[in-house]
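Breakdown of the fold
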There are 2 protein chains.
Amino acid sequence: MGIHINEQYNELNESYLFAEIARKVAEYQKANPDKKLLKMGIGDVTRPLARCVTDAMKKASDEMGTAEGFHGYGPEQGYAFLREAIQNYYKKFGVELDADEIFISDGAKSDCGNFPDILSTDCTVLIPDPVYPVYADTNVMAGRKIIYSSANEENHFLPMPDESKVGDIIYICSPNNPTGACYSREQLAAWVAFAKKHNSLILFDAAYECFVTGDLPHSIYEIEGAKDVAVELCSFSKKAGFTGTRCGYTVVPKRIVIDGAVLNKLWIRRQTTKFNGVAYIVERGAEAALTDEGEKEVSENINYYRENAKIMTDTMDELGIYYTGGKNSPYVWLKCPFGMKSWDFFDEMLTKAGIVGTPGAGFGTNGEGFFRLTAFSTRETTIEAMKRLKEYMQSR
Amino acid sequence: MGIHINEQYNELNESYLFAEIARKVAEYQKANPDKKLLKMGIGDVTRPLARCVTDAMKKASDEMGTAEGFHGYGPEQGYAFLREAIQNYYKKFGVELDADEIFISDGAKSDCGNFPDILSTDCTVLIPDPVYPVYADTNVMAGRKIIYSSANEENHFLPMPDESKVGDIIYICSPNNPTGACYSREQLAAWVAFAKKHNSLILFDAAYECFVTGDLPHSIYEIEGAKDVAVELCSFSKKAGFTGTRCGYTVVPKRIVIDGAVLNKLWIRRQTTKFNGVAYIVERGAEAALTDEGEKEVSENINYYRENAKIMTDTMDELGIYYTGGKNSPYVWLKCPFGMKSWDFFDEMLTKAGIVGTPGAGFGTNGEGFFRLTAFSTRETTIEAMKRLKEYMQSR
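These notes cover the structure that comes with them. Owing to the predicted nature of the structure, the values given are computational and were not obtained by experimental measurement.

The rules behind each value
- Residues numbered from 1 in each chain as written.
- Chains lettered and ligands numbered in written order.
- Predicted model: local features only at pLDDT ≥ 70, side-chain atom pairs only at ≥ 80, totals over all residues.
- Heavy atoms only, no water.
- Least-squares fit on C-alpha atoms with pLDDT ≥ 70 in both.
- Contact = heavy atoms within 4.5 Å.
- Buried area = accessible area lost by both parts, 1.4 Å probe.
- Salt bridge = Lys/Arg side-chain N within 4 Å of Asp/Glu carboxyl O.
- Polar contact = N/O pair within 3.5 Å; in protein donor to acceptor, adjacent residues only side chain to side chain.
- Helix = DSSP H or I, 4+ residues; strand = E, 2+ residues; numbered from the N terminus.
- Nonpolar A, V, L, I, M, F, W, Y, C, P; charged D, E, K, R; others polar.
- Axes fitted to C-alpha atoms, helices over the stretch in contact; angles between N-to-C directions.
- Parallel < 35°, antiparallel > 145°, perpendicular 65-115°, else oblique.
- Left-handed = near helix turned anticlockwise from the far one by under 90°.
- Buried < 20%, exposed > 50% of the residue type's maximum accessible area, 1.4 Å probe, protein only.
- Pairing = 2+ DSSP bridges.

Concerning the relation of the copies chain B and chain A
Two copies of one chain are present, and they are related through a rotation about an axis combined with an axial shift. Overlay of chain B on chain A (RMSD 0.0 Å): rotation 180°, translation along the axis 0.0 Å. With respect to symmetry, the two chain copies, as superposed, fit the operation of a two-fold axis. For chain B, the minimum C-alpha distance to the rotation axis belongs to K58 of chain B and amounts to 2.5 Å. Take the interface residues of chain B: 100% of them recur as interface residues in chain A, which is what a same-surface contact looks like.

So, in structure tokens, the structure goes:
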């Protein structure tokens, strides 16, 4: 028949969001070269790697340059030293995992994209709207039917189980990207019960767990019974600033059996066939981030972003703007003032306040009328942006 | 309906090859603790990383520890500096590529496993037998029909196009793993013509190109017209000892259009959705390997392995044992003497010569009666192994 493409790719929506933002910003900056724009839209960390992390990577590089210390192919599931460090990290939340339930990867995005490989394409997928676009796109590529649960002002952007919307695969992102909303224990327990009732599998994206405070759950495994129905994806990207260093992990409890197959073994088979492990030097860096010294160093960065978020939420409170996030998340998801639509408010912010944020409409239908600001800028930029926002609000 | 697995995983053969070898070796070593075994089966490099590579990675680690030098999310396709270095590397073979035809990844195995994502599962796949098991396994997972072309003594383990065996996707591995056989220009030109005639896509695995000598092609793009029909996968694993450092690349010529879609754009869409680029420090290490100083340093390692391979092929010539590989490959693929089967010869080598190799039968039906030795051991081990092999042959 000759070669043909995966025709599901024709069903993908082109993602114009960040390209369109870049185009508008470039156009404005060209016309107004003297205006200093404050970039509050970036979803990427900006603080440098912790000293203990770079030291560990340099030491590992030196090892790799010697015959005795050289490491060739590593285990596809990750080195034992890193899996054990993650095991100990989970103990801090009261979660006990076996080391062979933890799979090291080059990042949560890869695992998020690849994990459904081992699941039937006939499964229906339940995805919140708005959310990180990768969940929907990867399932469109696989040809799965997608249904959406509505995240909105009414449920504070935390949709709860609904008997009229049952997915065989259920994506949950908490703290959520882009809304910053974080599920409570009771809410997650309701999702676990729902998954059990309907024989569904939860894919729990915990990429932002390091921002969680107080008694809110960091891991879905803090919920009883979750090991029967949930796979958890997490990463060093936000916790230790690894967005450009690439290390994540996925937890696949051995207890999950589907169609008589142990899901953990299926994932091993996938990973040993299509993946070759993470660089030794990177795994040593990640390990360093989880030592006591590492935790101290990386939490300084997280607290820096948290303080930025607090400056933003204080401003929202002061201005009486409805928002979610900011408290357990680097994202502040705010309702556009004066009933504006997302892109109209984007234009207002850009041209009248010199602030670049992200229009909520880019994350799903329910994002219309909302706007995302992030805590990843510098302190100075954050303070200045909030000052300008206040001036803008007063000038209307 | 509830959650279900990808039932194609039930169609996979369990891969017992290396597990079975490990079991037999452990059993023998336990019974004979004083016997020194020579490991000639490893498909992994053993020489340390070049100094310029570890220096570059240490410098990059330092950069990542500073606010000015920090790198967050990098381009999914790889940094321009590395893509340009690869562009220049290809010029040495007379191949001109655009930088945006080159995609950096965490290794050829990942790309090999992931690339078919963008192709229809209705396509038929043509795979040589014997070969690297990943080609077949990844296509079984996707549910594609597989047909095999016979590599055997008659065609010197280099199967040529056969009108009775037409694949929509054609895998070619040259120099081949495990046979070490390397296609000539004329032979590759025949495959390119065959692919054009049948509207097929070639996936050309060039992972061992750094071992190619003389006028044999390093890249399929040395063949006229290949940019219309071939994607090339390659890696720093063997060239620069990156098996534990993880960096590869895939070339997707912009000229390839399938069902009206530019294949290069489809691969961008796949990578931006399911991948987040390679660590900055690793890309800096790979870049260093391609500088003049780097080429000099890494070629010392390759020459070391080449010399090991020559010691082996000289021994085969002396003993009159039929073999392929060794000249343009770190693998020597030999016919088991005295008409022995692969596993019988494995047992003989283990128990009578203390040599651990790999039974050819583990790589496919046509591997029966053959045996793979690799050049990745030390010089001393290689010399000693060949001495023992000669003694074994004389003792029969």
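What about the interface of chain B and chain A?
Many authors give the size of an interface as the accessible area that is lost as the parts come together. Contact with chain B, which involves 77 residues of that partner, is made by 77 residues of chain A. Surface buried jointly by chain B and chain A totals about 6400 Å² across both partners, of which 58% is contributed by carbon and sulfur atoms. Note that K58 of chain A and D62 of chain B form a salt bridge whose closest N and O atoms lie 2.8 Å from each other. The tally of links from chain B across to chain A stands at 38 residue pairs in polar contact (both at pLDDT 80 or more). Of all the elements, helix 7 (residues 263–274) of chain B adds the most residues to the side of chain B that touches chain A, at seven residues. When its residues are assigned to classes, the side of chain B that touches chain A shows 29 nonpolar, 30 polar and 18 charged.

Describing the packing of helix 2 (residues 51–64) of chain A against helix 8 (residues 280–289) of chain A
Residues and elements named next belong to chain A. Relative to each other, helix 2 and helix 8 sit at 150°, their axes nearing to 8 Å. Classed by the angle they form, the pair helix 2 and helix 8 counts as roughly antiparallel. Regarding helix 2 and helix 8, the two cross each other, and that crossing is right-handed. Contacts from C52, V53, A56, M57, A60, S61, E63 and M64 of helix 2 reach helix 8 at Y280, I281, V282, R284, G285, A288 and A289. Residue classes in the contact of helix 2 with helix 8 are distributed as 11 nonpolar, two polar and two charged.

Examining the pairing of strand 12 (residues 331–335) of chain A
Residue and element names in this part refer to chain A. Counting buried residues along strand 12, four of its five residues qualify, which places the element largely inside the surrounding structure. Pairing analysis gives three bridges linking strand 11 (residues 323–325) to strand 12, with the strands arranged antiparallel. Along strand 12, the bridge assignment pairs G325 with V332. Between the end of strand 11 and the start of strand 12, which pair antiparallel, lie five residues, with G326 showing a positive phi angle near 85°.

A word on the sheet that holds strand 11 (residues 323–325) of chain B
Residue and element names in this part refer to chain B. If you trace the four strands from one edge of the open sheet to the other, you get 11-12-15-14, paired in antiparallel fashion. The open sheet has two edge strands with one neighbour each: strand 11 and strand 14 (358–359). Alignment of strand 14 against strand 15 (residues 370–374), held across two bridges, turns out to be antiparallel. Bridging across to strand 15, T358 finds its partner in R372. Here helix 9 (residues 292–319) sits on the sheet and contacts strand 11, strand 12 (331–335) and strand 15; the angle it forms with strand 12, its principal contact strand, is near 15°.

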